[in-house]
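Coordinate inspection notes
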Amino acid sequence: MNKTAYIIITLALLVVLGIIFSGGSDSAQKQSVEIIDGIQYVRIDAGGGYSPAVTEAKAGMPTKLIVKTNGTYDCSSVLAIRSMNYQKVLPPVGEEVIDIGTPKAGEPLLGTCGMGMYSFVVNFL
């Protein structure tokens, strides 16, 4: 192959890797927050870290955090939310529903794993 073909292939690979590592789009974030019967549910997946790592949700409404595990045996199975004095070892498979009350605007919710390696934040607007 010639030099131009190598450059095109390299650029295409960089674009694909950029999309993969950036999360692709905001669709995961939009799907992670839903309001049902006046209660806001924020969904986070735990396993090899937390996903999505950053979520935006509405302030001033009753909110529940749902942390889902699916074969999670790493340190992200130990969830700590210091502002709520919450720490729990999550089951390897299942969902943990945490009532976080009615968050105020500008007061983010920060969750970390047991070792402090992985984290997520829910920003309330």
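All of these numbers come straight from a predicted model, not from anything done at the bench.

With that settled, the discussion passes to the environment of Glu95. Inspection of the secondary structure puts Glu95 in strand β8 (residues 93–101). Sequence spacing of Glu95 and Lys68 is 27 residues, and the spatial spacing of their C-alpha atoms is 4.4 Å. Here Glu95 is in contact with Arg43, Ile66, Val67 and Lys68, once residues within four sequence places are set aside.

So, about the confidence of the model for the protein chain. When pLDDT is low, close inspection of the predicted coordinates is not appropriate. Confidence in the prediction for the protein chain averages 87 pLDDT; 78% of positions are at 70 or higher. Considering only residues more than four positions removed or in separate chains, one finds that residues 22–30, a stretch of pLDDT under 50, has four contacts.

Let's shift gears to unusual backbone geometry. With an omega dihedral of -5 degrees, the bond running from Ser51 to Pro52 counts as a cis peptide bond. Relative to the elements of secondary structure, Pro52 occurs in the loop between β3 (50–51) and β4 (54–57). Look at Asp37: it is not a glycine, yet its phi comes out positive at around 50 degrees. By the secondary structure assignment, Asp37 is in the loop between β1 (33–36) and β2 (39–46). Phi angles above zero are rare outside glycine, and Asn85 is one such case at about 55 degrees. Looking at the secondary structure, you find Asn85 in the loop between β6 (78–81) and β7 (86–89). Using a relative accessible area of 76% as the deciding quantity, one classes Asn85 as exposed.

Basis of the calculations
- Residues numbered from 1 in each chain as written.
- Predicted model: local features only at pLDDT ≥ 70, side-chain atom pairs only at ≥ 80, totals over all residues.
- Heavy atoms only, no water.
- Helix = DSSP H or I, 4+ residues; strand = E, 2+ residues; numbered from the N terminus.
- Contact = heavy atoms within 4.5 Å.
- pLDDT = per-residue confidence, 0-100.
- Buried < 20%, exposed > 50% of the residue type's maximum accessible area, 1.4 Å probe, protein only.

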